[in-house]
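The chain contents come next:
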Amino acid sequence: MSPISRIGVAMTREALLLHTLVELADNLVDDFDVIDVLTVLSDRCVDTLDVAAAGVMLASPAGDLQVVASSNEAMRVLELFQLQADEGPCVDCFNDGGAIVNLELSTTDGRWPRFTPLALAGGFHSVHCLPMRLRGRTIGALNMFRSDRGALEDADVQAAQGLADVATIAILQHQAALNAQALNDQLNFALTSRVLIEQAKGKISEACHVDMVVAFQRLRNHARNHNLGLTELARGVAEGAVNPIALDPLKTRR
Amino acid sequence: MEERLTRILLLLSEGGEALPGPTRLCQVAAEVTAMDGAGLVLLSDGRFQGVLCGGDVVSETLAELEFALGEGPCLDAWALDGPVFEPDLASPFPYGRWPAFAPAGTDAGARAVFGFPVHVGAARLGAIGLYRDQTGPLGDEQHADALVMADVVARAILSLQAGAALGTVGAELATGANFQAVVHQASGMVSVQVGEGVGDALVRLRAHAYGTDCTITEVATEVVARRLRFDPLEGEETGGGVPLPGVR
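Description of the structure in this document. None of the values given here were measured: they were computed from a predicted structure. The numbering scheme is per chain: residues are counted from 1 as the chain's sequence reads. As they are written, the chains are lettered A onward and the ligands numbered 1 onward, keeping that order. The predicted nature of this model means local features are confined to residues of pLDDT at least 70 and side-chain atom pairs, given and counted, to a pLDDT of 80 or more, with totals for whole chains, interfaces and linings taken over all residues. Calculation of side-chain values draws on the structure's entire complement of heavy atoms; hydrogens and water are dropped beforehand.

**Let's talk about the overall build of chain B**
Here is step 1 of the chain: Helix numbering and strand numbering both begin at the N terminus, where a helix is a DSSP run of H or I of at least 4 residues and a strand a DSSP run of E of at least 2. Across its full length, chain B carries 11 helices and seven strands.
Here is step 2 of the chain: Between buried and exposed lies partly exposed: a residue is buried under 20% and exposed over 50% of the maximum accessible area for its type, with that area taken using a 1.4 Å probe on protein chains only. By the burial criterion, 56% of the 248 residues in chain B qualify as buried.
Here is step 3 of the chain: Here, residues are in contact when the closest pair of their heavy atoms is within 4.5 Å. Sequence-distant contacts, at least 24 apart, represent 59% of the contacts inside chain B between residues at least 6 apart.
Here is step 4 of the chain: Residue-level accessible areas treat just the shown protein chains as cover; the underlying method is Shrake-Rupley with a 1.4 Å probe. Accessible surface computed for chain B: about 9,400 Å², of which carbon and sulfur atoms make up 54%.

**Regarding helix 4 (residues 89-96) of chain A**
Residues and elements named next belong to chain A.
Here is step 1 of the chain: Listed in full, the buried residues belonging to helix 4 are P89, C90, V91, C93 and F94.
Here is step 2 of the chain: Of the surrounding secondary structure, the elements contacted by the buried residues of helix 4 are strand 1 (53-59), strand 2 (65-70), strand 3 (100-104), helix 5 (115-121), strand 4 (126-134) and strand 5 (137-146).
Here is step 3 of the chain: One or two steps after helix 4, the chain reaches G97, where phi turns positive at roughly 70 degrees.

**Here's the deal with the interface of chain B and chain A**
Here is step 1 of the chain: Contact residues are listed per partner, giving 56 residues for chain B and 48 residues for chain A.
Here is step 2 of the chain: Together chain B and chain A conceal approximately 4,700 Å² of surface at their shared face, both sides included; 65% is due to carbon and sulfur atoms.
Here is step 3 of the chain: Salt-bridge detection follows one rule: a side-chain nitrogen of Lys or Arg within 4 Å of a carboxyl oxygen of Asp or Glu. Taken together, the connections running from chain B to chain A amount to two salt bridges.
Here is step 4 of the chain: We call two N or O atoms a polar contact when they sit within 3.5 Å, provided that within protein one can donate a hydrogen and the other can accept it, with sequence-adjacent residues counted only if both atoms are side-chain atoms. Remark: the boundary between chain B and chain A carries seven residue pairs in polar contact (both at pLDDT 80 or more).
Here is step 5 of the chain: Secondary structure elements with two or more residues in the side of chain B that touches chain A: helix 1 (2-13), strand 1 (37-44), strand 5 (123-132), helix 7 (140-162), helix 8 (171-174) and helix 9 (181-194) of chain B.
Here is step 6 of the chain: Gly is put with the polar residues, along with every residue not named as nonpolar or charged; the nonpolar set is Ala, Val, Leu, Ile, Met, Phe, Trp, Tyr, Cys and Pro, and the charged set is Asp, Glu, Lys and Arg. For the side of chain B that touches chain A, the class distribution of residues is 30 nonpolar, 14 polar and 12 charged. Note on definitions: buried area is the accessible-area loss of two parts on being combined, 1.4 Å probe, summed for both.

**Comments concerning the pairing of strand 1 of chain B**
All names here are of chain B.
Here is step 1 of the chain: Burial analysis of strand 1 places eight of its eight residues in the buried class, the great majority of the element.
Here is step 2 of the chain: The alternating pattern of strand 1 places G37, G39, V41 and L43 and A38, L40, L42 and S44 on opposite faces, both of which are buried.
Here is step 3 of the chain: Inspection of the sheet shows strand 1 paired to strand 5 by six bridges, in the antiparallel sense. Directly across from A38, in strand 5, lies its bridge partner L130.
Here is step 4 of the chain: Two strands form a pair only when DSSP identifies at least two bridges running between them. Where strand 1 and strand 2 (residues 47-53) come together, five bridges link them in antiparallel fashion. Residue pairing across strands places L42 opposite G50, the latter belonging to strand 2.
Here is step 5 of the chain: Linking strand 1 back to strand 2 in an antiparallel pair, the connection comprises two residues, with D45 at a positive phi of about 50 degrees.

**Here's the deal with the environment of L228 of chain A**
All names here are of chain A.
Here is step 1 of the chain: Relative to the helices and strands, L228 resides in the loop between helix 8 (212-225) and helix 9 (230-239).
Here is step 2 of the chain: Accessibility expressed as a relative area gives 32% for L228, which makes it partly exposed.
Here is step 3 of the chain: For L228, the residues in contact, after removing those within four places along its chain, are H222, A223 and L233.

Below, the structure written as structure tokens:
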């Protein structure tokens, strides 16, 4: 059983990718640290793909990009990532959600007045940003720098996007596990509410000879008039504590 | 363990979505365990809360049967909080275990069924139902894959719920899900008709569906359309309309 046999990339890269994914998965199983996972991701981009430095930027709740992991802790590299909180390809990739691939820094024509000179001074010639997507929204970006001239191969770009996608799933899986009880309670509350409301609608519909739409209006109207929660009132009706006929009649609109 | 998880995450990421929805989860669950289909149901307090994803026609039918009949592998997996195996659904034993589900499930095209609880720690969410159109046990490899898959599914469901407003089900979870609204509406109506609680009313709907060889959804639809009424007398239905499948 070859877990990644379906990925059509070269054998050595396949092996390295598999190793990376196993490392990521290992982190998921044991004490999971998001920063660890993303650092693994950055390191492996450099090992596996033809890039000199890689880093992951994630959006903070306030919406600005922060460096969370980097393959290289050298100040000049970190600075390049940090600078992109304000300007640079990562910000652009994050803002429009599209990948930026094989962007030659010498051709950026003053688009990023601080970022470009710093990157060129660091010996980087091209930059690549791949979005980390969730619900059609971008939660961050994988940023890679290349010192050699020439384009990154398509297979490398695809492999990098694959790693970014897996890392995104890993982050989400982790967050879900941390909040499992609260989220499950929330889900159960929502599901139970739905059942109670539908049952109450059925009782009102039958007892008052109205359709389901009007039944729901009566339920909501009465809840509002008496400052009751909709679920609370629905429970009362469904379980028989509240007589559906006794609910406030709907006012006719003027 | 790591390799299994890796394989599953990789398959999920191929869907091109960072947050795979119930449909993709079911596809991968079936693929990774080499089954013919997988369905995903939500349960709480031992009660069926809805079918998140039928995955395929047979799985959809199996989930609906469990809901209608109140028995089957997903309900058992949830109740036991452990896996349930039925390698030969048509053999005598499952008929004793699930007297209504086993023959109906066989008719629907399943010859082997398996249920796995979906939980994260103490938070119990539901169950995955797997089926195959051939008899035979679940291999050790498949069993191990299914356990890891169930963990991944549990976390994925919670992730999908994470963005939802309080009191609502996450939009991606609700898409394509069947929360049996019409059945609960019909339970409310029948409860008034027969002067019993909604729980008893649901039992009446189930019994009627079983007795007339209809699905509970079909019976409920007839009730809500006011073509079928139940009366307080033991087990008798009155009023116009025969609850035929497909009649609207």
